[in-house]
Amino acid sequence: MSETYTLNDVKRALAQASQMLSSQKDTINKLNVFPVPDGDTGTNMSLTIESVVRSVSELSENTSREEFAKAVVQGALMGARGNSGVITSQILRGLCEGALRAEHFNTEGLSVAFARSQEVAFQAVRKPVEGTILTVIRDVASAARTAQKKKLSTNDALEFIVNEAFASVHRTPELLSVLKENNVVDAGGYGLALFIDAFVSALLGRGAAHQDEVLFAQNTAPKVEIEHIEDWEGSEFRYCTEFLVHSETVDVEAAREFLPTMGDCDLMVGAHPNFKVHVHTNRPDKVLAWYLDHDAQISEVHVHNMDLQSAKRNEELSEEAHNEPATPFGFVAVASGAGNANILKSLGVNVVVSGGQTMNPSTKELLDAIARVNANNVIVLPNNSNIILAAQSACDMAEIPCALVPTTSVPQAFSALFAFDEAASLEDNVHAMTEVLDQVSTGEITTAIKDSHDAHGNPLSAGDIIGIVNGNIEAVGTDITDVCLRMLDTMQADSFDSLTLLAGADFTDDALSALEAAIEEHYDDLEIESHRGDQPLYPVVFSLE
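Caption draft 1: Fine view of the overall build of the protein chain. Check the secondary structure of the protein chain and you find 21 helices and 16 strands. The buried share of the protein chain, reckoned over its 545 residues, is 52%. In the protein chain, the proportion of contacts linking residues at least 24 apart, taken out of those at least 6 apart, comes to 69%. Approximately 24600 Å² of the protein chain is accessible, and the part contributed by carbon and sulfur atoms is 48%.

Caption draft 2: Seen up close, the packing of aromatic side chains. Within the structure shown, the criterion is met by six aromatic pairs. Between Phe 258 and Trp 290, the aromatic rings sit 4.9 Å apart at their centres with planes inclined by 10°, giving stacked as the arrangement. Highlighted residues: Phe 258 in helix α12 (residues 252-258) and Trp 290 in helix α13 (residues 284-293), separated in sequence by 32 residues. Here Phe 258 and Trp 290 have matching classes, each one buried. Ring geometry for Trp 290 against Tyr 291: centres 5.0 Å apart, planes inclined by 75°, an arrangement best described as edge-to-face. Relative accessible area serves as the criterion here: at 0%, Tyr 291 is assigned to the buried category. Members of the aromatic cluster, connected to one another through ring pairs, are Phe 243, Phe 258, Trp 290 and Tyr 291.

Caption draft 3: View of the sheet that holds strand β15 (residues 527-532). The strand order across the open sheet formed by six strands is β13-β12-β9-β16-β14-β15, and the pairing between neighbours is mixed. The sheet terminates laterally at β13 (472-477) and β15, the two strands that pair on one side only. The mean inter-strand angle of the sheet, taken between neighbouring strand axes irrespective of direction, is 20°. Here strand β9 (residues 441-447) pairs with strand β16 (residues 540-544) via five bridges, running antiparallel. Residue Ile 445 lies in a different strand from β16, and its bridge partner there is Val 540.

Caption draft 4: Representation of the pattern of salt bridges in the model. In total, this model carries 14 salt bridges according to the counting rule given. Here Arg 116 ties to Glu 119 by a salt bridge, and the two come within 3.1 Å at their closest N and O atoms. Of the two residues, Arg 116 and Glu 119 are both situated in helix α6 (residues 107-124); the distance of three residues between them amounts to about one turn of the helix. The class of Arg 116 is buried, set by a relative accessible area of 12%. The salt bridge involving Glu 253 is made with Arg 256; its shortest N-O contact spans 3.9 Å. Within this pair, Glu 253 and its partner Arg 256 are both found in helix α12, separated by three residues, close to a single helical turn. We classify Glu 253 as partly exposed; its relative accessible area is 49%. Among the charged side chains, a salt-bridge network with shared partners connects Glu 130, Arg 138, Asp 139, Glu 164 and Arg 171.

Caption draft 5: Geometry of unusual backbone geometry. Of note, the bond from His 272 into Pro 273 is cis; its omega dihedral lies within 30 degrees of zero at 10°. Structurally, Pro 273 is set in the loop between β2 (263-271) and β3 (274-281). Look at Lys 151: it is not a glycine, yet its phi comes out positive at around 60°. Locating Lys 151 in the fold gives a position in the loop between α7 (133-149) and α8 (154-175). Among the residues examined, Lys 151 registers a relative accessible area of 75% and is labelled exposed. In this structure, Asp 295 is a non-glycine residue whose phi angle is positive, near 60°. Relative to the helices and strands, Asp 295 is located in the loop between α13 and β4 (297-305).

Caption draft 6: α13, seen in detail. Of all the residues in α13, the buried ones are Pro 284, Val 287, Leu 288, Trp 290 and Tyr 291. All buried residues of α13 project into a common sector of 150° when viewed along the axis, lining one side. Along its buried surface, α13 packs onto β1 (239-246), α12, β2, β3 and β4. Taken from the residues just after α13, Asp 295 is the one with a positive phi, measuring 60°.

Caption draft 7: Representation of α8. Between its first and last C-alpha, α8 extends 31 Å over 22 residues, near the 32 Å set by a 1.5 Å rise per residue. A maximum bend of about 25° is found in α8 at Val 169, where proline Pro 173 lies one to four positions downstream. Residues of α8 that are buried include every one of Thr 154, Asn 155, Ala 157, Leu 158, Ile 161, Val 162, Ala 165, Phe 166, Ser 168, Val 169, Thr 172 and Pro 173, and no others.

Caption draft 8: Seen up close, the environment of Ile 480. Within the fold, Ile 480 resides in helix α20 (residues 480-490). C-alpha separation for the pair Ile 480 and Thr 447, spaced 33 residues apart in sequence, amounts to 9.6 Å. Apart from the residues lying within four places of it in its own chain, the contact partners of Ile 480 are Ile 445, Ile 465, Phe 507, Pro 539 and Val 540.

Caption draft 9: Examining the packing of helix α1 (residues 7-23) against helix α4 (residues 65-79) more closely. Running from N to C, α1 and α4 cross one another at 15°; their axes reach a closest spacing of 11 Å. The angle between α1 and α4 places the two elements in the roughly parallel class. In the crossing of α1 with α4, the sense of the turn from one axis to the other is left-handed. Residues Leu 7, Val 10, Lys 11 and Leu 14 of α1 form the contact with α4, whose participating residues are Arg 65, Phe 68 and Val 72. A class-by-class count of the residues in the contact of α1 with α4 yields five nonpolar, no polar and two charged.

Caption draft 10: Representation of the sheet that holds β4. The four strands lie next to each other as β2-β3-β1-β4, forming an open sheet whose pairing is antiparallel. Both outer strands of the open sheet, β2 and β4, are each paired with one neighbouring strand and no more. Taking the axes of each pair of neighbouring strands and ignoring which way they run, one obtains an average angle of 10° across the sheet. As judged from the eight bridges shared by β1 and β3, these two strands associate in the antiparallel manner.

Caption draft 11: Inspection of the pairing of β13 at higher detail. Alignment of strand β12 (residues 465-469) against β13, held across five bridges, turns out to be antiparallel. Directly across from Ile 465, in β13, lies its bridge partner Gly 477. Taking the residues that link successive antiparallel strands as the turn, the β12-β13 hairpin has two residues, and the phi of Asn 470 there is positive, at about 50°.

The rules we used
- Residues numbered from 1 in each chain as written.
- Predicted model: local features only at pLDDT ≥ 70, side-chain atom pairs only at ≥ 80, totals over all residues.
- Heavy atoms only, no water.
- Helix = DSSP H or I, 4+ residues; strand = E, 2+ residues; numbered from the N terminus.
- Buried < 20%, exposed > 50% of the residue type's maximum accessible area, 1.4 Å probe, protein only.
- Contact = heavy atoms within 4.5 Å.
- Areas by Shrake-Rupley, 256 points an atom, 1.4 Å probe, with all protein chains shown as cover.
- Phe/Tyr/Trp six-rings, centres within 6.5 Å; stacked < 30°, edge-to-face > 60°.
- Pairing = 2+ DSSP bridges.
- Axes fitted to C-alpha atoms, helices over the stretch in contact; angles between N-to-C directions.
- Salt bridge = Lys/Arg side-chain N within 4 Å of Asp/Glu carboxyl O.
- Arc of directions from axis to C-beta.
- Expected span 1.5 Å × (residues − 1).
- Bend = angle between axes of the 7 residues up to and from the residue.
- Parallel < 35°, antiparallel > 145°, perpendicular 65-115°, else oblique.
- Left-handed = near helix turned anticlockwise from the far one by under 90°.
- Nonpolar A, V, L, I, M, F, W, Y, C, P; charged D, E, K, R; others polar.

Encoded structure:
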C-alpha cells in the first residue's frame, strides 16, 4: 500500500468522500435533535463538500499545492450552508493552511494540518460547545499528535485518526445533555467522522471501513417528534440567515461585534475580500443593511424560516414512524426531568409527556401523545394522582385500543413496566401491571411553600423540608438526609428488599452519595439503587419494594 499521494489522489478521495457523505445525509439529518434545525446538518455538510469537489475539479494536473489549497478553501467558503457547513468549511481551511506549512504528506504533516484545523475551527465560533463537531475535530487533532509521538506510518496514522474520530462521536452524548436525552450522537461530529473515514478509505483504496458506525447512527436516529422544543433557548430567533460578503474594507471585528446583537449562532468567516456570514435572527433585513451601509457587496442570500423547517421535519419524522410496521404494544408515560424520561424510555416507553406535580398535561396533550405511538395497543402511565382522570379520558377517546395503569409516581411506573408481558393481552397486562403497584411504597422530599401541618397535626413553616409518604406529610425538618431517614423509619424500610433513589435537578451527585452512605449505615441489608431523575422541586424521590 503506497504512502506517497499526489494531488490527483487527494482530488479523487474528495470526490468519493463527497459521494459517501451525500448517500448518508438523511441519516445525519435525523440525528439533528436541535428543535429548530438549521437547515439539516447532513444536507448542509454534503452541499459544502460538493462545492469543494466542483472547485478542485476545474484544476489542471499540474496545479501547485498552493493553488489546490486555495481552490478547496474557496469552494468550501462559497458552498458552505448552515452552521455545520460553515464550520466544516473552516475545518477544511485549517487543514489546507496546515498542509501548506508541512513539508510532506506524512505523519508529522498530518499532525501540523489537524492542529491548524482545530485552531481555525474554534476561532470561527464565538461560544464553542462541548459534544459537537468542534469536540470531534479537537480529538482528531489530538489523535494526530499521538500518532506522531508513536512514530506511526502515514497509513497507520490515518487509520488511527479515523478510529478516534468515531470514538469521539460516541462520547458526544456524555458531553451534551440534549444528545443523551434523545439517545443520539452529535450530527455534525458524526458527519465529520464519516467524511474523514470515506476520504481515508479512498486514499488507501480499502473501501468503507466503518459501516457498523453507519448502522449505529441509523438505529439511534429519533423516530418521533422531539419533545423539548419549547424549552430550547434559541427558539426566539426565527430566521436562519446566511450570505456572502465581498469587501476589501469591511471592519471584521466590528462586524463580529454587531452580529451577536442581532441573534445567535453567529459566524463570520473568511478573509478580505470574501466572507461567509451566518446568523439566526428575527431581523435579517437589519443584518443585510448593516453590511450594505459599510460599503460591502452581498450575494447568495439565503433566509430560512426555522419554525416552518422544524414543523416540516417533525411531520416527516412522524410520518416515517407510522409507515413502519406497528408494534403490538406501546407506552405513553408522564414525567418531569430528563433523567426520569431516559429511564422510562430505556424500559420501553415510546413517548414521555413532560408533566407531573404543578404541571398536569391536558387530555388533548395525552391524546396527541397516544396518536404518536405506532402500536396496535397503547398503555398510559400517568404517574400522578392528579393526572389519572385526564389520562383515562384520553384512553377513552383514543382511536386505537388504549388502557390506563393508574400509577401515581414514576417509581410505580418502573415496577409496572417490569411486570409487562408482550405475549399477554392488553387486558391481562393492565391487570398484572396494576397489581404490582401496591407493592411499591413511594416517598417524596420537597420544600414547603407555606405554613401548614403534617399528617399528625403538627405545625410546619414555609421553607421547611418535608417528607411525603404515599401522599401524607410524615416528616418535617431542615436537612434532607435527616428527613429521608425519618421517612424510611416510618415506612419500616427494614421490611423491604430494595430502595430506589431518584435525585432531583438541584440535588448534586455528592449530596446523593452522602445520602446513600447515611442510609447504608442505618439499613445495611437494604439494596440501594440510585439514578439521576433530574425532576424539579423534589430533590429526592424514592421507592421501597
